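For reference, the chains in residue letters:
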Amino acid sequence: MPSIKRTHDGSEKEKEANLSPFMPMFETFRDELDEHHDRRERVIKTSRDITAASKKIIFALQRVRTLKSDIPEKIAKEVDDRASAMQKQMEAIAPDLAGINAWRYQRQISGGIQEYIEAIAFQHYIQFQTLITPTESSALLPSRINLTPDDYLLGLFDLSGELMRYAITTIATTGGLPKSGDRDILVDLRSVRACFEALDTTSSAGTGLGKDVQKKMEVMQQSVDKVETAVYGLIIRGRERPKGWVPDLKEERVVESY
Amino acid sequence: MADINDPGMVNSKIFEDLQKKIDDDAETREQLRAFLQTLERQGRVAQSVLSRAHSTPVAHLQPVITAAEASIRDEIETIGQLAAVASNSPYYKYNGMWTREVQNVVFSILMCGWLGGMATASNPASAGKLLTIEEVGSILNVPVNLKDQDAFHITIEEYLQSLITLIEELARLAINSVTLGDYQRPLEISTFVKDLHAGFQILNLKNDSLRRRSDGIKYNVKKIEDIVYDLSLRNLVPKPEASN
């Protein structure tokens, strides 16, 4: 409420309220800003919902034990159901992210998109044992939602953590690395790691991407290290390993010494 | 070793493309930064010229206004160059880089307009005037509040931020007017700022920088009210008939 000096006479108060010649202008601004804030809230909410649903898809996929073959029906159904529900939510928010607003609310939607990329990249890996491309990723987003290179890249970084979990759990439960043909998950993790490490982001050091990459790079390297350590353990103690023994995920990195 | 026919986990084109996009992005930033450096320097000049208003009686203000208009013209030219380059990219992708400088330019225009400058062919100048966002846009020769088109423009938020700077500057001018022996201008400033304050109060601001800065308006209103109070207490307020 505007702070209008109240007088004993109500009508005079009304007159005073209209005194500011700038009111019509500010009323337009208010409507515009309200619209903006409402839109922003809707985007934030959808982003959170997409994040939550994507995490659940990832959890479901972590129960798969095979690589490069069909996902078990029960898990596939759960994944598909969640994915199509998410698709509807994204379609619903697409008008709010149209045209000039795509980048206006980029920071708000970004979290959800990254988590979604992580989920579809994980699913894609389990099914095809390859890294999902930006084109394939975009195809799984509503056409009106823009996939930025940053979100794609940061989603992939998080994928390495899921691959690590998938690898370790599979080792613990089956006694071997997920693999198909001659190529196992450690080979894949190492080739992704090499690609990430070759990427030069020093030019965007001051931007959000530079900082995020730096943080995620470290986590990604630790993930690969964990799988390498687990495979080492498998080789050296594999035969002695009691059934059901699970490697400690928090295990310290093995220091190389000569 | 992996099968020779197996293309492997990663299609190498993915990371080549990503690297190219990262490099393109950095190059665009570099391009924009050059204009921002120029704007920053020009902004300093404009603001130091406008600062002379604090020590110049109203009767002698014209040279200050003329000088301010000249430095604002320099800024307008740079804004035009910035707008041309910025319009090659999505507006909000890089908006954060220049919004500060743009706010400074808009403030200079608002302040100069309030002092009685910035006349245009269709829009004569008058002291104590508030230039609307549309007027600022036409002075800068850029669109305002674009919604259906992705191009360089002045946003409502930027205009409002500049209005807050204007209020802060006018509170300072109110004090300095008294020092200059001008007891009329604090009254004009008081009405003007109160009208703006009333406007800000109908906005539903969220917890952002606009909200934090607009919370400070009331202190400026109070500062100006205190000046008016001091003047009226000592019978220094000019009678409406007596004012020029």
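Looking at an unreviewed UniProt entry, one finds chain B named Putative Translin-1 and attributed to Glarea lozoyensis. Its UniProt record gives chain B a comment under Sequence similarities (unreviewed entry), which states: "Belongs to the translin family."

Looking at an unreviewed UniProt entry, one finds chain A named Translin, with Glarea lozoyensis as its source organism.

This part covers the overall build of chain B. A tally of helices and strands in chain B yields eight helices and zero strands. Tracing chain B from N to C terminus, the helices and strands come up as α-α-α-α-α-α-α-α. Principal-axis analysis of the C-alpha atoms places the extent of chain B at approximately 95 × 35 × 30 Å. Considering chain B as a whole, with its 244 residues, one finds that 51% of them fall into the buried category. Within chain B, contacts between residues separated by at least 24 positions form 72% of all contacts whose residues are at least 6 apart in sequence. When the accessible surface of chain B is split by element, carbon and sulfur atoms take 50% of a total near 12,000 Å². If the 25 positive side-chain charges of chain B are averaged to one point and the 32 negative ones to another, these points end up 7 Å apart.

Attention shifts here to the pattern of salt bridges. Residues and elements named next belong to chain A. As enumerated under the stated definition, the model contains 29 salt bridges over all chains in all. Where D49 meets K45, a salt bridge forms, and the shortest distance between an N and an O atom there is 2.8 Å. Taken as a pair, D49 and K45 lie in helix α2 (residues 23-61) at a separation of four residues, close to a single helical turn. For D158, the salt bridge identified is with K216, shortest N-O distance 3.0 Å. Of the two residues, D158 sits in helix α7 (residues 149-174) while K216 sits in helix α9 (residues 208-237), which places them 58 residues apart along the sequence. Take K216: its relative accessible area is 16%, and that puts it in the buried class. Connected via shared salt-bridge partners are R63, E78 and R82.

Residue and element names in this part refer to chain B. Entries for chain B in the domain assignment read domain 1 (21-154) and domain 2 (156-235). Computed over C-alpha atoms only, the centres of domain 1 and domain 2 are separated by 22 Å. Each partner contributes residues to the interface: domain 1 has 30 residues there, and domain 2 has 19 residues. Both faces considered, domain 1 and domain 2 share a buried interface measuring about 2,000 Å² in area, 68% of it formed by carbon and sulfur atoms. The interface formed by domain 1 and domain 2 holds zero salt bridges in total. Connecting domain 1 to domain 2 are seven residue pairs in polar contact (both at pLDDT 80 or more). Counting residues per element, the ones that place at least two in the side of domain 1 that touches domain 2 are α3 (91-115) and α4 (133-140).

On to the interface of chain A and chain B, then. Contacts between the two partners involve 49 residues from chain A, matched on the other side by 50 residues from chain B. Summing both sides of the interface, chain A and chain B together bury roughly 4,200 Å²; the carbon and sulfur share of this comes to 71%. Counting the surface chain A buries against chain B, the share from its top three residues, F26, I100 and W103 of chain A, is 17%. For E157 of chain B, the salt bridge goes to R104 of chain A, with nearest N and O atoms at 3.7 Å. Inspection of the region where chain A meets chain B yields seven residue pairs in polar contact (both at pLDDT 80 or more). For the side of chain A that touches chain B, the secondary structure elements donating two or more residues are α2, α4 (101-104), α7 and α8 (185-198) of chain A. The dominant element in the side of chain A that touches chain B, judged by the number of residues it contributes, is α2 of chain A, at twelve residues.

A separate point is empty space enclosed by the protein. All names here are of chain A. Evaluation of the coordinates by the stated rule reveals one cavity of 30 Å³ or more. Forming the walls of the largest cavity are L97, A102, Q106, I109, I113, R144, I145, N146 and D151. It is helix α5 (residues 106-128) that provides the largest number of residues to the lining of the largest cavity, a total of three residues.

Rules behind the numbers
Every chain's residues receive numbers from 1 upward, in the order its sequence appears when written. A letter from A marks each chain and a number from 1 marks each ligand, given out in the order of writing. Under the rules for a predicted model, residues below a pLDDT of 70 receive no local features and side-chain atom pairs below 80 are neither given nor counted, while totals for whole chains, interfaces and linings still include all residues. Here the side-chain values reflect all heavy atoms present in the structure, with hydrogen atoms and water set aside. UniProt positions are given in the numbering used here, feature names are shortened, and annotations may be inferred rather than shown by experiment. Helical segments are the DSSP runs of H or I of at least four residues, strand segments are the runs of E of at least two, and each set is numbered from the N terminus. The classification of residues rests on relative accessible area computed with a 1.4 Å probe and restricted to protein chains. Under 20% of the type maximum is buried, over 50% is exposed, and intermediate values are partly exposed. Residue contacts are counted whenever heavy atoms from the two residues lie within 4.5 Å of one another. Only the protein chains shown count as cover for residues, and all accessible areas are computed by the Shrake-Rupley method using a 1.4 Å probe. By the counting scheme adopted, Arg and Lys are positive, Glu and Asp are negative, and His together with the chain ends is not counted. Charge positions are represented by NZ for Lys, CZ for Arg, CG for Asp and CD for Glu. Put simply, a salt bridge is a Lys or Arg side-chain nitrogen that is within 4 Å of an Asp or Glu carboxyl oxygen. For the domain bounds, the source is a domain assignment made automatically or taken from a database. When two parts are brought into contact, each loses some accessible area as probed by a 1.4 Å sphere; the total of that loss over both is the buried area. Contacts described as polar in this section are N or O atom pairs within 3.5 Å, which, within protein, must combine one atom able to donate a hydrogen with one able to accept it, while residues neighboring in sequence count only if both atoms come from side chains. Think of a 1 Å grid over the protein atoms and nothing else: a 1.4 Å probe that fits but is trapped marks a cavity, an open set flanked by protein within 12 Å on at least five of seven lines marks a pocket, and residues with an atom within 4 Å of a point count as lining. Grid points are joined across faces, edges and corners, and a volume is the space filled by probe spheres set on the points.

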